[in-house]
Amino acid sequence: MTDTHHSRMIENSDRGITLNKALAWTMASGLIAAGLYVGLQVATLSTRIDEASRASLAATGERQQIEVRVRSLEQSKARDDERFAHILAMLSRIDSRLERIERGRGE
């Protein structure tokens with residue numbers, strides 16, 4: 001006949017709840033494995049956050065460079081527009097002079 005005291009995994013005694021050694025080791029191993037898993041997941045997440053931060057900083061730098069280029073192009077376009085307006089005004093004056101010259105010859 002086997003002793004029922006040794007076959008139980010969890011037992012309530014006058015010392016409180018006691019665990020069988022096999023169950024205690026299984027629970028301890030499970031907790032350690034869970035802790036390692038969570039630690040690895042946190043480390044992986046931390047690494048990915050760092051990578052995302054670096055990518056964000058790089059993108060910010062690239063965006064600032066693009067903004068500088070766009071401002072430069074806008075200023076260049078504004079100068080070109082000014083030159084074009086000046087050329088059109090000059091052509092308009094030349095056209096007016098030619099009309100006056102033609103009218104003067106026609107009289």
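Residues numbered from 1 in each chain as written. Predicted model: local features only at pLDDT ≥ 70, side-chain atom pairs only at ≥ 80, totals over all residues. Heavy atoms only, no water.

Q: Help me understand a positive patch on the surface in this model?
A: Positive charge collects at one region of the surface, where Arg93, Arg97, Arg100 and Arg103 lie side by side. Relative to the assigned elements, arginine 100 resides in helix H2 (residues 21-106). (Patch = residues over 30% accessible without salt bridge, like charges linked within 9 Å, V, L, I, M, F, W, Y side chains within 5 Å. Areas by Shrake-Rupley, 256 points an atom, 1.4 Å probe, with all protein chains shown as cover. Salt bridge = Lys/Arg side-chain N within 4 Å of Asp/Glu carboxyl O. Lys, Arg positive; Asp, Glu negative; His and termini not counted. Charge placed at Lys NZ, Arg CZ, Asp CG, Glu CD. Helix = DSSP H or I, 4+ residues; strand = E, 2+ residues; numbered from the N terminus.)

Q: How do you make sense of the pattern of salt bridges when you look at a structure like this?
A: Note on pairing: side chains with opposite charge can pair once their charged atoms come close. Per the counting criterion, the structure on display carries 4 salt bridges. Ionic pairing is found between aspartate 80 and arginine 83, a salt bridge with its closest N-O pair at 2.9 Å. In this pair, aspartate 80 and arginine 83 both sit in helix H2, 3 residues apart, roughly one turn of the helix. For aspartate 80, a relative accessible area of 40% gives the class partly exposed. Put simply, Arg63, Glu67 and Arg71 are held in one network by salt bridges that share partners. (Buried < 20%, exposed > 50% of the residue type's maximum accessible area, 1.4 Å probe, protein only.)

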